[in-house]
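# A closer look at the structure
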Amino acid sequence: MSTTSLSSHFSQELETRMTRFGLRVAADLSERNETLPHDISERLRFAREQALLKAKTARAAQVQLAPSTPVVQIGATLALGGGNGGMGSQETSPRWLKFASLLPLLMLVLGLFLIQHTQWYQQINASAEIDTALLSDHLPPSAYSDPGFSEFLSEEQHSDGS
């Protein structure tokens, strides 16, 4: 069996199953409709008529538009500015498309570099503040050689940053 006849067979079978399902649902609804009060059944009848009228109008409009409406396919080339559309009839060079595809990667690397530079700058400023505080404070020279002094500085720095 060829591919077109196979797909045609499946579409016919699908259509048949959908029709059967619709008939079963309609029969079940009609059966339960008999037990409803008169005012509810009248409202349902009116809603059903309105839905059928809208569906009929939509089908008629679809049939009228179908022959005169051309099918337009928009592919990836059009989205990237290629093809005959856009500015003039020039085709976009492959070199430009490669650059456009590498641009997000370039922006990412630039952003990471900027973050790294900012963190480096903040570390230098923090060290400069500590050095300034140490040099402007009156401490005896023996305090700088004390092993507990560096621990005191690191604790002080953590308490200021938190």
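Note that the structure is a prediction, hence the values are computed from the model and not measured.

Right, let's talk about the overall build of the chain for a bit. The secondary structure content of the chain amounts to 6 helices and 0 strands. Per-residue burial for the chain yields a buried fraction of 4% across its 162 residues. Put simply, the chain shows about 14800 Å² of open surface, and 63% of that area lies on carbon and sulfur atoms.

Attention now moves to the side chain of serine 41. Along the polypeptide, serine 41 turns up in helix α2 (residues 38–68). A distance of 2.8 Å separates a polar side-chain atom of serine 41 from the backbone oxygen of histidine 38.

This part takes up the pattern of salt bridges. Tallying each qualifying case throughout the model produces 3 salt bridges. Two residues, glutamate 42 and arginine 45, come together in a salt bridge whose shortest N-O distance is 2.9 Å. Remark: arginine 45 and glutamate 42 occur in helix α2; sequence separation between them is 3 residues, near one turn of the helix. Its relative accessible area of 30% is what places glutamate 42 among the partly exposed residues. The shortest N-O distance in the salt bridge between glutamate 49 and arginine 45 comes to 2.6 Å. Of the two residues, glutamate 49 and arginine 45 both sit in helix α2, 4 residues apart, roughly one turn of that helix. Residues joined in a network through salt bridges with shared partners are Glu42, Arg45 and Glu49.

Bringing a nonpolar patch on the surface into the picture now. A cluster of nonpolar side chains, namely Trp96, Leu97, Phe99, Leu103, Leu106, Met107, Leu110 and Phe113, defines an oily patch on the protein surface of about 830 Å² accessible area. Locating leucine 103 in the fold gives a position in helix α4 (residues 94–136). What makes leucine 103 partly exposed here is its relative accessible area of 35%.

What follows deals with the confidence of the model for the chain. Looking at the chain, the pLDDT average stands at 78 and 77% of residues meet or exceed 70. No element of the chain has a lower mean pLDDT than helix α3 (residues 76–79), which averages 48, and none a higher one than α4, which averages 91. Overall, residues 85–89 carries pLDDT values under 50, and its contacts beyond four positions in sequence, including any with other chains, amount to 1 contact.

So, about the packing of aromatic side chains. Enumeration over the complete set of coordinates arrives at 1 aromatic pair. Pairing tryptophan 96 with phenylalanine 99 gives two aromatic rings, centres 5.8 Å apart and planes at 35°, and the pair type is tilted. Of this pair, tryptophan 96 and phenylalanine 99 both sit in helix α4, separated by 3 residues, roughly a single helical turn.

The rules behind these values
Residues numbered from 1 in each chain as written. Predicted model: local features only at pLDDT ≥ 70, side-chain atom pairs only at ≥ 80, totals over all residues. Heavy atoms only, no water. Helix = DSSP H or I, 4+ residues; strand = E, 2+ residues; numbered from the N terminus. Buried < 20%, exposed > 50% of the residue type's maximum accessible area, 1.4 Å probe, protein only. Areas by Shrake-Rupley, 256 points an atom, 1.4 Å probe, with all protein chains shown as cover. Polar contact = N/O pair within 3.5 Å; in protein donor to acceptor, adjacent residues only side chain to side chain. Salt bridge = Lys/Arg side-chain N within 4 Å of Asp/Glu carboxyl O. Patch = residues over 30% accessible without salt bridge, like charges linked within 9 Å, V, L, I, M, F, W, Y side chains within 5 Å. pLDDT = per-residue confidence, 0-100. Contact = heavy atoms within 4.5 Å. Phe/Tyr/Trp six-rings, centres within 6.5 Å; stacked < 30°, edge-to-face > 60°.

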